[in-house]
Amino acid sequence: MIELSPIDVGGHTFLAVTVKLPKTTLLSVSNNKGYIMCGALDVKLLNAKLADRKIIAARAVGVKTIDQLLNAPLESVTYEAEKLGINKGIIGKDALLKMI
């Protein structure tokens with residue numbers, strides 16, 4: 001099952017996506033500039049093989065819901081996210097606000 005819903009973060013609208021798969025759930029919250037995602041995101045791939053795309057993204061691990069993703073510290077971020085001040089350890093919703 002796939003669930004899509006707009007969510008408010010600090011007065012800004014983002015799109016929350018939940019994809020329920022066997023034995024796992026994929027989670028992401030995005031806007032037109034970037035996104036945060038669950039542990040399924042391969043940040044190393046984005047930084048190495050897709051660097052020319054300048055993807056702004058960050059990953060939190062161990063999250064099972066959108067609310068957990070928004071409040072979890074980020075485990076890894078892309079180089080482009082770092083340029084916006086999105087660093088490992090900040091929580092997901094703070095990273096999203098830097099993507100405005």
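Residues numbered from 1 in each chain as written. Predicted model: local features only at pLDDT ≥ 70, side-chain atom pairs only at ≥ 80, totals over all residues. Heavy atoms only, no water.

(A) Expanded view of the sheet that holds strand β4 (residues 34-37). With mixed pairing, the six strands of this open sheet are ordered in space as β1-β2-β3-β4-β5-β6. For this open sheet the edge positions go to β1 (2-9) and β6 (76-77), each flanked by a neighbour on one side alone. Where strand β2 (residues 12-21) meets strand β3 (residues 24-30), seven bridges bridge the pair, whose relative direction is antiparallel. From the neighbouring strand, Leu15 faces β3, where its bridge partner is Ser30. (Pairing = 2+ DSSP bridges. Helix = DSSP H or I, 4+ residues; strand = E, 2+ residues; numbered from the N terminus.)

(B) Layout of the pairing of strand β5 (residues 56-59). Note that β4 and β5 share four bridges and pair parallel. Across the sheet, the residue bridging to Gly34 is Ile56, located in β5. Strand direction decides the pairing type here: β5 and β6, joined by two bridges, are antiparallel. Among the inter-strand pairings, Arg59 is bridged to a residue of β6, identified as Ser76.

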